[in-house]
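# Architecture at a glance
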Amino acid sequence: ETRAALLDSLGNVQFCRSSTPAYLSLLDHAVACASTDALVARALAAALPPVQHLTSPHASGPPVWVADTALGCKMQLCMALVAAGAHLIPPRTLIERVAAVSLTFLQSPTPSTAHAAHVLMAAVLARAKEEDEALCLAESCMRRALAAYPKLTFQDDLTGTVASVMDALHGKNSAQLGIISQLAGKSSELSHENSDKSVAAANHLLDLLCSALAVVDFPLLLQAMDMVKEVLMQIPQHRRSGATVKLQAMISQCNDYARKMPMVEWFLRMQSAHDSVTGDSRSLSLLSKL
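Residues numbered from 1 in each chain as written. Predicted model: local features only at pLDDT ≥ 70, side-chain atom pairs only at ≥ 80, totals over all residues. Heavy atoms only, no water.

The secondary structure content of the protein amounts to 16 helices and 0 strands. Within the span of the protein, comprising 290 residues, buried residues form 48% of the whole. The long-range share in the protein, meaning contacts at least 24 apart out of those at least 6 apart in sequence, stands at 67%. Element-wise, carbon and sulfur atoms account for 58% of the exposed surface of the protein, whose accessible area totals about 13,800 Å². (Helix = DSSP H or I, 4+ residues; strand = E, 2+ residues; numbered from the N terminus. Buried < 20%, exposed > 50% of the residue type's maximum accessible area, 1.4 Å probe, protein only. Contact = heavy atoms within 4.5 Å. Areas by Shrake-Rupley, 256 points an atom, 1.4 Å probe, with all protein chains shown as cover.)

We now examine the environment of Pro 150. Mapped onto the elements, Pro 150 comes out in the loop between α9 (134-147) and α10 (155-168). As for Pro 150 and Ala 201, which are separated by 51 residues in sequence, their C-alpha atoms are 6.2 Å apart. Apart from the residues lying within four places of it in its own chain, the contact partners of Pro 150 are Leu 190, Lys 197 and Ala 201.

Turning our eyes to something else, we now look at the nonpolar core. With 88 residues, the main nonpolar core has Leu 158, Leu 213 and Leu 247 as its most contacted residues. Apart from the residues lying within four places of it in its own chain, the contact partners of Leu 247 are Cys 210, Leu 213, Leu 232, Trp 266, Phe 267 and Met 270. (Core = buried A, V, L, I, M, F, W, Y, C linked by side-chain atoms within 4.5 Å.)

For the rest of this paragraph, the subject is the confidence of the model for the protein. Per-residue pLDDT for the protein averages 85, and the proportion of residues at 70 or more is 86%. Scored below 50 in pLDDT, residues 283-288 makes 10 contacts in the model with residues more than four places away or belonging to other chains. (pLDDT = per-residue confidence, 0-100.)

Our focus in this paragraph is the packing of aromatic side chains. Applying the stated criterion to the full structure yields 1 aromatic pair. With 6.1 Å between their ring centres and 80° between their planes, Trp 65 and Phe 105 make a pair best called edge-to-face. In this pair, Trp 65 sits in helix α5 (residues 64-67) while Phe 105 sits in helix α7 (residues 91-105), placing the two residues 40 residues apart along the sequence. No difference in accessibility class separates Trp 65 from Phe 105, as the two residues are buried. (Phe/Tyr/Trp six-rings, centres within 6.5 Å; stacked < 30°, edge-to-face > 60°.)

Summed over all chains, the structure comprises 7 salt bridges. For the salt bridge of Glu 133 with Arg 92, the shortest nitrogen-to-oxygen distance reads 2.8 Å. Taken together, the residues span a long stretch of sequence, with Glu 133 in the loop between α8 (111-128) and α9 and Arg 92 in helix α7 at a distance of 41 residues. A residue is classified by how much of its surface remains accessible, and Arg 92, at 31% relative accessible area, is partly exposed. Residue Glu 189 is joined to Lys 186 by a salt bridge in which the shortest nitrogen-to-oxygen separation is 3.7 Å. Here Glu 189 and its partner Lys 186 are both found in helix α11 (residues 175-191), 3 residues apart, which amounts to about one turn of the helix. Residue class for Glu 189 comes out partly exposed when judged on its relative accessible area of 42%. On the basis of relative accessibility, which here comes to 12%, the residue Lys 186 falls in the buried class. (Salt bridge = Lys/Arg side-chain N within 4 Å of Asp/Glu carboxyl O.)

On the secondary structure map, His 118 appears in helix α8. Within the structure, His 118 has its side chain in polar contact with the side chain of Thr 161 (distance 2.5 Å). With residues up to four places along the chain from it excluded, the contact list for His 118 reads Leu 106, Ala 145, Thr 153, Asp 157 and Thr 161. (Polar contact = N/O pair within 3.5 Å; in protein donor to acceptor, adjacent residues only side chain to side chain.)

It is worth spelling out the side chain of Ser 191 at this point. Along the chain, Ser 191 turns up in helix α11. A distance of 2.7 Å separates a polar atom in the side chain of Ser 191 from the backbone oxygen of Ser 188. Ser 191 has contacts with Ala 202, Ile 235 and Arg 239, leaving out every residue within four places of it along the chain.

What follows is about α9. With 14 residues, α9 extends 20 Å from end C-alpha to end C-alpha; this agrees with the ideal 20 Å at 1.5 Å per step. Looking only at α9, the buried set comprises Ala 134, Leu 137, Ala 138, Ser 140, Cys 141, Met 142, Ala 145 and Leu 146. Against the buried residues of α9 lie α7, α8, α10, α11 and α12 (196-212). (Expected span 1.5 Å × (residues − 1).)

When helix α3 (residues 38-47) is considered as a whole, its buried residues turn out to be Val 40, Ala 41, Leu 44 and Ala 45. Burial along α3 is one-sided: seen end-on, the buried residues are contained in an arc of 135°. For α3, the exposed residues lying more than 90 degrees away from the buried face are Leu 39 and Ala 46. Where α3 begins, one side-chain oxygen reaches toward the backbone nitrogen of Leu 39, 3.0 Å away; that side chain belongs to Asp 37. (Arc of directions from axis to C-beta.)

Right, here's the structure in full:
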């Protein structure tokens, strides 16, 4: 407990934005300690503040997790340490104690704190994916991350979170389709906005949708492809061609031939339908590249 308290107190120094070599070396040792000592990892998880405190008003203003910048910076370090030791923490503890904290800070206005929350959530899902609550947790994580995208959630963080969620939902009925549906809905929503940031975010979501076809449970593949097609058909022509190129590349690199053949047939049908409308004739030439 003493070691955990010492590691926890490093967050107060972190708030001072210390970047001296000595402090950075101390942080490295702290991560090594949390990732190898189960007692420290579990004590750190137990020391996380209850979510009721984080969501309570701060001086009659925004909730504590938004308004208290010192706490946010301290939590950034604490979440990083708990993530490093997540494999040593019982899954039930992660579900009951840690997950809510991570979900809260997924929408932190401080990018580095939000990133730490994404890393922690990935660690929680990897460790606790066999728990009954994993499905609900993964869906909640995806909703909260997408709700803040692209204003607070960054592309790399979202990419990692989608991968963690899809892995955690492997074999869990049609839950993966729910995630793909969320991605598709957000992509369609952003594609109707005119700002460059929204268009870039919509394009990134479309990339994630295409990548999801390579990992979605095989029985769900046809339904997932229909969702991707619907999004593709809704976007402007000048953006659709770029998305088609990326989709083609993903299919050509797929080494799972049971999965690849239906994707090739689907892609060619979709491209052929597009060619018949535009008068283009590239579908046959694409076949040799797939």
